[in-house]
Amino acid sequence: MISGNVGGTGGGLFVGNGEVDLNDSINGRALAVINGGEISGNRSGWLGGGVAVSMAGDLTLNNGTISGNKTVASASAKITGGGGVGIWDYWTGYLDNAYETQTGWTKERLKQFWENTWSQKVPARFTMNGGVIDGNATDGVGGGIYAGSGAVQLKAGTISNNVADNQGGGIYVPAVPYVAHLTRALVTQNTASELGSGIWACPTGDVHVLLNNTGAVFANTSDGAGGDVVSLKRKTDASYELSLSSRMLGGGSATWYDDGGVLRATETDQLGEPDPAVARFSGTAGATPHAGTVADTTRDLALHTETLEAGRAAAVAASTLTITGNKAVRGAGIGTNGSIVLGAEDEAVSVPVRKVWNEHENADEPQPARVQVKLLRDGVWVDTAELSAENGWAYTFEGLPKHVDGDLGTESVYTVEEVAPAGYTSEISGNAADGFTVTNTPVVSTRDIAVTKVWDDADNQDETRPSSVTVHLLANGVDTGKTLELNAENSWKGSFKDLPVKKDGAEIAYTVVEDGVGGYTAEVSGTAADGFTITNRHEPTSKTPDKPETEKPAKSNPRTPRGVLPKTGDMTLAFTAAGALGGAGLLGVALRRRRRG
């Protein structure tokens, strides 16, 4: 830990070499690498409250924390910067003037010397591959980082909760020709009290938010104007550039809207302040977006970025460098009088998509008025299009980076998915180059309807029952042409199969009727859901003859002497025969007794 120190240049750590030999670009270099630890609670009188990188200094931050450091102007300091890290190659505003005075070089000659010699031999290089720069402050510019060189590379890590009393809460680039290169940067939730919470650029600074491996600037808050970006009108004799891509990190859409206005106190005013007469952005309804990439340097711009949830999520997932929670009067995330470059140039591609409907009158659900199609970049949802009759059920996703972020040798793979409408299946064909076709086919639900025949005809006494009957199916009162034949072989039962449930979005009312049966009346009961029963009634034309009564046998009389039969009329014949036989028997017995005697 390096903590509690006070210095003029670099409160906690100084990396640099003022004795530069322009003929020796290696031996004069001061190198430092931070792989961990903490530099905190230090203070500087003008540059680099935590760390200062000067002239031939070269610092790489891979990990560790630089926090709670401050720059507070000393009596001799004209300006202070870099509460966390201050970087300056001593060219602009100091040695450029000395060279001009001593050599008489033109501005163009001085520019070439810086580009070809000074920036190469005396780079004041700072490379951030990780780590955290948090909670630092300055009473000047650049609460987190003051980037006064052409060799500032911010690739990964977190720059958060830093405060500048003027411009550049997170990062500040002080002048031309200095430039900070940012890779996969997410600039969000920073707060400016006046202008440009995400990015503020004065009339001398270039801002390039490019297509590949770029940044995302959204959800920043300004109390004055330009919640996400403020770009002040460029001088007419300069060729400074503005390029705000319509695609952000991850490939999601970034739609730019005006968000308030900027006032200039004088023509030479390079700061600007909010114009209270110009309305702030309050929603997309009635608002006109800037078309495509924003590159207008002919007027002051105060902008809000409108993004989709999917695009924001993709940007967060793709980001390696986060700039958030910083505060300043202008440019809370990034302030620049020099140049800011987010990402790299890349070829833009387009992905067309169209909708085809397979219509069916018996669809379960009516065709919706609009559907949504998702665009996926390398498997990540980045954008959404709404298709409807108004746009001919077609849309083209435009301005998409051709290659994978950070890898210009590998092409991104674009696919689409549909948020399938209720009651429809979705099939996708085609490819990104030729366009995708999304075909929707409706779901057609079906049902079976059972029919049972009941006869009420005294078990066909009159033999009038036919051998079969024909039942017709009606849909909404109209004969469908479908019939059932009911007979004894099928137990007078049958079913109408695979009938559509709906037509034109409304449920079909099914009923049944049968061909008339002579001598019978018909009654239909039941429902399509539970089944129908057709009852046929017939009144018999004659009565059924009476059946003979069956006599019950008489009970035996216990008082009747043995051998004596009951005197019942029904037994007369039996009695007579028995008597005859009995008499013959008695006679035979008498004769035998007499002979013995």
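Please refer to the structure higher up on the page.
Residues numbered from 1 in each chain as written. Predicted model: local features only at pLDDT ≥ 70, side-chain atom pairs only at ≥ 80, totals over all residues. Heavy atoms only, no water.

Comments concerning the overall build of the chain
Operational definition: What counts as a helix is a DSSP run of H or I of at least four residues, what counts as a strand is a run of E of at least two, and both are numbered from the N terminus. Here's how the labels work: a residue is buried when its accessible area is under 20% of the maximum for its type, exposed when over 50%, partly exposed in between, all with a 1.4 Å probe on protein chains only. Pairs of residues are marked as contacts when any of their non-hydrogen atoms sit within 4.5 Å. Using a 1.4 Å probe, accessible areas were evaluated by the Shrake-Rupley method; residue-level cover was limited to the displayed protein chains.
What the chain contains, in helices and strands, is four helices and 52 strands. Taken across its 597 residues, the chain has 44% of its residues classed as buried. Here the contacts in the chain between residues at least 6 apart in sequence split such that 78% fall between residues at least 24 apart. Approximately 29700 Å² of the chain is accessible, and the part contributed by carbon and sulfur atoms is 49%.

Details of the pattern of salt bridges
When the charged atoms of two side chains lie near each other, side chains of opposite charge can form a pair. Condition: Each salt bridge in this description consists of a side-chain nitrogen of Lys or Arg and a carboxyl oxygen of Asp or Glu lying within 4 Å of one another.
Under the definition given, this model contains 20 salt bridges. Of the charged contacts in the structure, one is a salt bridge between Asp258 and Arg299, with a shortest N-O distance of 3.9 Å. With Asp258 in strand β27 (residues 255-258) and Arg299 in the loop between β29 (273-275) and β30 (301-306), this residue pair connects regions lying 41 residues apart in the sequence. Judged by its relative accessible area of 35%, Arg299 falls in the partly exposed class. Through salt bridges that share partners, Arg29, Asp58 and Arg125 make up one connected network.

As for the sheet that holds strand β51 (residues 521-527)
Stated precisely, the cut-off is as follows: Think of it this way: DSSP has to see at least two bridges between two strands before they count as a pair. To obtain an axis, a line is fitted to C-alpha atoms, over the contacting stretch when the element is a helix, and the angle between two such axes runs from 0 to 180 degrees between their N-to-C directions.
Read across the sheet, four strands follow the order β47-β44-β52-β51 without closing on themselves; strand pairing throughout is mixed. The sheet terminates laterally at β47 (493-500) and β51, the two strands that pair on one side only. This sheet shows a mean twist of 20° between the axes of neighbouring strands, independent of strand direction. Bridging between strand β44 (residues 446-456) and β47 involves six bridges; their strand directions are antiparallel. In the sheet register, Thr452 faces β47, and the bridge partner there is Lys493.

Take it as geometry only, folks, not as evidence of what the structure does.
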